[in-house]
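Structural overview for review
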Amino acid sequence: MTPGGTAKRGALRALAAACPALAAFGVTLALTHLATALAAGLAAFGVAALFVLLVESQSTRALEAAAARAAEEERRMLAGRDAVAHAERVLAAALEGIADGVWITDASGAVVRHNAALPRLLELGQDILGKRPLFLVRRGELHEAVLRACSQGVSSVVEVKVEGPRPRVLEVQVSALGGGLPGSTAVFRDVTELKRLERVRQDFVANVSHELRTPIAAILGYAETLQSGALADAAHAPQMVDIIHRQSERLSELVTDLLELSRLDARERPLTIGTVSLGEVVTRATEAMQPRAALKHISVTQHLPVGLAARADAKALEQVLVNLLDNAVKYTADGGTVDLSARQEDARVELSVRDSGVGIEAKHLPRLFERFYRVDRGRSRDMGGTGLGLSIVRHLVSAMGGDVRVQSQLGVGSTFTVVLAAA
Ligand code: ADP
């Protein structure tokens, strides 16, 4: 063997011995590379995933924010719409809650809105919206008032009369819409009853003045005549003094009746409603009437069952019966008859004063209980009537929760009936 060959074998053996170590080193190296590569790969993947996640979470947040903004926008819009709808409902409810008729017009005067009371008040069956005032209510003043309110902002009040089966007087307040809005409003108020009451009051004052003037004029006239020498006229002076006395009595009666009415009107006369035995009240009233009836040879009779009682104020009921009996005697000719009767009808008691007097024409009956209403003014005055007796009767009876009615036939006689609750 050569030394070179020995060296080679030595080298080979060393290599063979080193081989496992090398192999192990190689595997280790390879594994290390693989791990590095894997680590690198994983790292790269992780970064990418992180990036994706990052990007993803950012865009989600942006989307979510955008969606939230949209939702908020929608909520606001709905809230706005709700507010408009709510305001509309409030306005509609307010308009419908007003008993007066109301319309709202645009700047040209055409009606753009109205409440339900308006067509009822104006008796309009047609469609109102879009129509101008003159078309709906044929009154030039109202049309002009609406145009003035629209163009100049001038407010005015116009009176409108509605003809038809139920004539009415309406007071219309026309104003500019206000709040910087173009257009106008008109409020229609039914003042028919107010006007009627005003007329009644005016008539009443006129009637009172007239009623007072007559006796005052007579008293003044005769007193002056007496003063200027007639007092010495033994033939006529007593007559004049008599007239002055009679007219003073008339004045006193008139003032008493007026005060009574005004006390009743003001409810200053409190009534004590209780169980009233009708026998006693009827007897007192007829007895009070006997002297006057005797002067005219009129017989006053009474018919009522024993023990009848009503819910009433004893004094007020007596006053009512005396008033009715007084009229019966007043408007019945000498020798006639007057009867006061009472009976129970279910839960009611009816007291009737019947006379055989002059009677009343049917056309007068509905107004008979009005103040100062008289069928025959002259006759009533001659009889010493004030024209207030029946209105006092009606007042007292209704204050006792009852009712009074009349039946009459001209030339035959009249029956006045008071209906009260039975006790
Ligand atoms: P007066 O003081 O004039 O009698 P009243 O109010 O008592 O006033 O009556 C009103 C009118 O009713 C009388 O003026 C009269 O014309 C009529 N009247 C009332 N009672 C009777 C009656 N019993 N018979 C006929 N007419 C009557």
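Since this is a predicted model, take the numbers as computed values, not measurements.

Here we look at the overall build of the protein chain
In terms of helices and strands, the protein chain carries 10 helices and 12 strands. Taking all 423 residues of the protein chain together, 21% fall into the buried category. Across the protein chain, every contact between residues at least 6 apart in sequence was considered, and the portion connecting residues at least 24 apart equals 57%.

Focus on the sheet that holds strand β10 (residues 348–355)
Spatially, β7-β9-β10-β12-β11 is the arrangement adopted by the 5 strands of the open sheet, whose pairing is mixed. Strands with a single pairing partner mark the edges of an open sheet, and in this sheet they are β7 (299–303) and β11 (403–409). Within the sheet, the average angular offset between the axes of one strand and its neighbour, ignoring direction, is 15 degrees.

Comments concerning the sheet that holds strand β1 (residues 101–105)
The strand order across the open sheet built from 5 strands is β2-β1-β5-β4-β3, with neighbouring strands paired in antiparallel fashion. The sheet is open, and its two borders are formed by β2 (111–114) and β3 (156–162), each paired with just one other strand. Averaged over all neighbouring strand pairs, the angle between strand axes comes to 25 degrees, with direction disregarded. Of the strand pairs in this sheet, β3 and strand β4 (residues 168–176) are connected by 7 bridges, and their pairing is antiparallel.

As for the site of the ligand
What surrounds the ligand is a group of 21 residues, the closest being Val375, Ser380, Gly385, Gly389 and Leu390. Elements that contribute at least two residues to the shell around the ligand include exactly α8 (314–330) and α10 (389–399). Here the shell around the ligand is built from residues that sort into 9 nonpolar, 9 polar and 3 charged.

Observations concerning the packing of helix α7 (residues 278–295) against α8
Any two packed helices are characterised by the angle at which their axes cross and by the distance between the axes. Between α7 and α8, whose axes approach to 9 Å, the crossing angle comes to 35 degrees. In this structure, the crossing between α7 and α8 has a hand that is right-handed. Together, Val281, Val282, Arg284, Ala285, Thr286, Ala288, Met289, Arg292 and Ala293 of α7 and Ala314, Leu317, Glu318, Leu321, Val322, Leu325, Asp326 and Val329 of α8 make up the contact between the two elements. Each residue belonging to the contact of α7 with α8 can be placed in one class, and the counts come to 12 nonpolar, 1 polar and 4 charged.

Regarding the packing of α8 against α10
Look at α8 against α10: their axes get within 9 Å of each other, and the N-to-C directions meet at 150 degrees. Considering the angle they form, α8 stands roughly antiparallel to α10. As for how α8 packs across α10, the hand of that crossing is left-handed. Residues Ala316, Gln319, Val320, Asn323, Leu324 and Asn327 of α8 pack against Gly389, Ile392, Val393, Leu396, Val397 and Ala399 of α10. Class assignment for the residues of the contact of α8 with α10 results in 8 nonpolar, 4 polar and no charged.

Structural notes on the environment of Leu321
Of note, Leu321 is situated in helix α8. Apart from residues no more than four positions distant in its own chain, Leu321 is found in contact with Val281, Val282, Ala285, Leu340 and Leu351.

Examining unusual backbone geometry
Backbone geometry places Arg267, a non-glycine residue, at a positive phi of 50 degrees. Arg267 sits in the exposed class, given 9 other C-beta atoms within 10 Å. Unusually for a residue other than glycine, Phe372 sits at a positive phi of about 65 degrees. Among the secondary structure elements, Phe372 is positioned in the loop between β10 and α9 (377–382).

Side note on the environment of Thr386
When you line up the elements, Thr386 lands in the loop between α9 and α10. C-alpha of Thr386 to C-alpha of Arg250: the two residues are 136 residues apart in sequence and 7.8 Å apart in space. Setting aside residues no more than four positions away along its own chain, Thr386 makes contact with Glu253, Leu254 and Asp257.

A few points about α8
For α8, built from 17 residues, the straight-helix expectation of 24 Å at 1.5 Å per residue is met to within 8% by its first-to-last C-alpha distance of 24 Å. Buried within α8 we find Ala316, Leu317, Val320, Leu321, Asn323, Leu324, Leu325, Asp326, Asn327, Ala328 and Val329.

Side note on the confidence of the model for the protein chain
Reading predicted coordinates in detail is not appropriate for stretches of low pLDDT. Averaged over all residues, the pLDDT of the protein chain equals 86, while 87% of them reach at least 70. Counting contacts from residues 1–39, a segment whose pLDDT is below 50, to residues more than four positions away or on other chains yields 1 contact.

Describing the nonpolar core
Membership of the largest hydrophobic core comes to 37 residues, with the highest contact counts inside it found for Val320, Leu321, Leu324, Leu325, Val338 and Val393. For this core, the element with the highest residue contribution is α8, accounting for 8 residues. Counting residues in each nonpolar core, the second largest holds 19 residues, with Leu147, Cys150, Ala186 and Phe188 among its members.

Reading guide: rules and limits
Residues numbered from 1 in each chain as written. Predicted model: local features only at pLDDT ≥ 70, side-chain atom pairs only at ≥ 80, totals over all residues. Helix = DSSP H or I, 4+ residues; strand = E, 2+ residues; numbered from the N terminus. Buried ≥ 20, exposed ≤ 12 C-beta atoms within 10 Å, placed from the backbone. Contact = placed C-beta atoms within 7 Å. Pairing = 2+ DSSP bridges. Axes fitted to C-alpha atoms, helices over the stretch in contact; angles between N-to-C directions. Near = placed C-beta within 6 Å. Nonpolar A, V, L, I, M, F, W, Y, C, P; charged D, E, K, R; others polar. Left-handed = near helix turned anticlockwise from the far one by under 90°. Parallel < 35°, antiparallel > 145°, perpendicular 65-115°, else oblique. Expected span 1.5 Å × (residues − 1). pLDDT = per-residue confidence, 0-100. Core = buried A, V, L, I, M, F, W, Y, C linked by C-beta atoms within 7 Å.

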